[in-house]
2 protein chains.
Amino acid sequence: MNHPAENPAVTRHSERLGELIEERIVTGVYPPGTRLDEQELADTFGVSRTPVREALIQLASVGLIEIKPRRGATVPEVGADRVCEMFEVMAELEAMCGRLAARRITPSEQVALQEAHRACEAARDANTPDIYYQLNEVFHQRIYEASHNGFLVEQTSALHRRLRPYRRLQLRVRNRMNSSFNEHQAIVDAIIKGDSELATALLRAHVTVQGERFADLVATLRDFKAGS
Amino acid sequence: MNHPAENPAVTRHSERLGELIEERIVTGVYPPGTRLDEQELADTFGVSRTPVREALIQLASVGLIEIKPRRGATVPEVGADRVCEMFEVMAELEAMCGRLAARRITPSEQVALQEAHRACEAARDANTPDIYYQLNEVFHQRIYEASHNGFLVEQTSALHRRLRPYRRLQLRVRNRMNSSFNEHQAIVDAIIKGDSELATALLRAHVTVQGERFADLVATLRDFKAGS
DNA sequence: AATCACCGTTGTGTATACAAGATAAGCAAA
DNA sequence: TTTGCTTATCTTGTATACACAACGGTGATT
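Residues numbered from 1 in each chain as written. Chains lettered and ligands numbered in written order. Predicted model: local features only at pLDDT ≥ 70, side-chain atom pairs only at ≥ 80, totals over all residues. Heavy atoms only, no water.

1. Quick look at the relation of the copies chain B and chain A
Condition: When the copies are overlaid, the least-squares fit takes in C-alpha atoms only where the residue has pLDDT of at least 70 in both copies.
Superposing chain B onto chain A takes a rotation of 180 degrees combined with a translation of 0.1 Å along the rotation axis, leaving an RMSD of 0.2 Å. In symmetry terms, the pair is related by a two-fold rotation axis.

2. Examining the sheet that holds strand β3 (residues 72–74) of chain B
All names here are of chain B. The condition that has to hold: Note: two strands are recorded as paired if DSSP finds a minimum of 2 bridges between them. Segments assigned H or I by DSSP are reported as helices when at least four residues long, segments assigned E as strands when at least two residues long, and all are numbered from the N terminus.
As summarised here, the arrangement of the three strands in space is β1-β3-β2, forming an open sheet in which the pairing is antiparallel. Both outer strands of the open sheet, β1 (35–36) and β2 (66–68), are each paired with one neighbouring strand and no more. As defined by bridge partners, β1 adjoins β3 across two bridges and the pair is classed as antiparallel. Within β3, the position partnered with Arg 35 by the bridge is Thr 74.

3. Some remarks on the protein's contact with DNA strand C
This is how it is decided: Here, proximity means that at least one heavy atom of the residue falls within 4 Å of the molecule or strand. We call two N or O atoms a polar contact when they sit within 3.5 Å, provided that within protein one can donate a hydrogen and the other can accept it, with sequence-adjacent residues counted only if both atoms are side-chain atoms.
By nearness alone, 18 residues border DNA strand C, and A:His13, A:Ser48, A:Arg71, B:Arg53 and B:Arg70 come closest of all. Within 4 Å of the protein, atoms of DNA strand C come from sugar and phosphate in 65% of cases. Within the side chain of A:Arg71, an N or O atom sits 2.7 Å from a phosphate oxygen of DNA strand C. Within the side chain of B:Arg53, an N or O atom sits 2.7 Å from a phosphate oxygen of DNA strand C. Secondary-structure elements contributing two or more residues to the surface near DNA strand C are α3 (49–62) of chain A together with β1 and α3 (49–62) of chain B.

4. So, the sheet that holds strand β1 (residues 35–36) of chain A
All names here are of chain A. Pairing is antiparallel across the open sheet formed by three strands, whose spatial order is β1-β3-β2. Edge positions in the open sheet fall to β1 and β2 (66–68), since each of these has one partner strand only. With three bridges joining them, β2 and strand β3 (residues 72–74) adopt antiparallel strand pairing. Its bridge partner being in β3, Ile 67 is matched across the sheet by Ala 73.

5. Observations regarding the domain arrangement of chain A
Put simply, the test is: The domain limits used here are those given by an automatic or database domain assignment.
For chain A, the domain assignment lists domain 1 (13–74) and domain 2 (80–227). A straight line from the C-alpha centre of domain 1 of chain A to that of domain 2 of chain A covers 29 Å.

See below:
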């Protein structure tokens, strides 16, 4: 058997490169404001400038970096307000997923959703926020897919990924894991019950809270800086 | 105003190229299924393969074309169902714009919105669908901007552009221009009045109709083909 | 006659070379 | 010392050259 499927060795390096660079951006290796020198990246990853450029263009068109003509690529200083805007849109997209999911979810998807939910419950009981965080992503993904709108799934997943680093900040927020799980419970109930309006409202609130927590965090940090 | 993004004096050809190729895709010069040969495009536009590749990658990451490793770029056969999915998301995004706009629109934006609306009215009275179509875009853009969510504006505008060719098909649909204008009127009223829920509902319906018209059109075409 | 293997061609993916603009340093003049 | 201009250098943007995988055709074998 030829294994083109199992082998991630995509013949185009720029794709792999894009993921690597993206990884370094969201993990803070390349913090906002960083200038991304093409030659430097090329040396780092052991390739020539060509694939690096292609990867950068790809990242730029997704909005992860900014490329100014003749002035290179930089990791944008995502203003806190910008992130809030993104959370605002995210809330609406997730709410839409929930609305459609409540109407369209199949029996097998119901099972999958409840499985994901129970997995979250286990992580909560074990008090392992990192695990919970991971399973939380699966949970939300299940809802996306239950919307039966492939385009919506793509858009929502993309934005979810892009907001990941900011959501991550909230892991330590007091009691967030617990309240998150309770919200999940209500969301699952609404979807299973087929109450699309309720699912919409609950999911919107669920995500909006995340945005607000983020805003709180930013405000706190600013005060902290100002006070020191 | 310093808007380097929309400054046409961009030294990077790939951006300009991307727009040119996009233009040819949405206008049907490169119909779905077309294989986009890099060398061929390079010759066509009088540049080398490098900028062409960069433009293609950019288009691919926005979803306008598909690139398979070692197998080149093709204009995807966007299934009708896919387009319907996109309209479904579009309806929600526009609805969100309307909801926020109703709450946040400034006096000067109110004026701009009404101006755009009256311009549409003139086009309707003159019975010039092409002009109406153009002004209709301005009208919607005004609403996007009134949402005061820059990220939302970007996302919505992008999807709007991507759906343009399919919306264009509806120009000739019977009476569409007239009913569109009437819907606009109600939308403007709701936004000015500050009734965000009403604006949401009206805009969602306004766009949903477009999606349904598109579905009707596709169905008609299919029957036509089957019957011939 | 049909099938499979081998080889040539075509076109993508990458590296390198070259051109041009932008930044920054150095020098001169006020 | 500061300001302005010139120039040097560095980085981006583009062209070209090369490597290699995929498709197509021809020929041999069953």
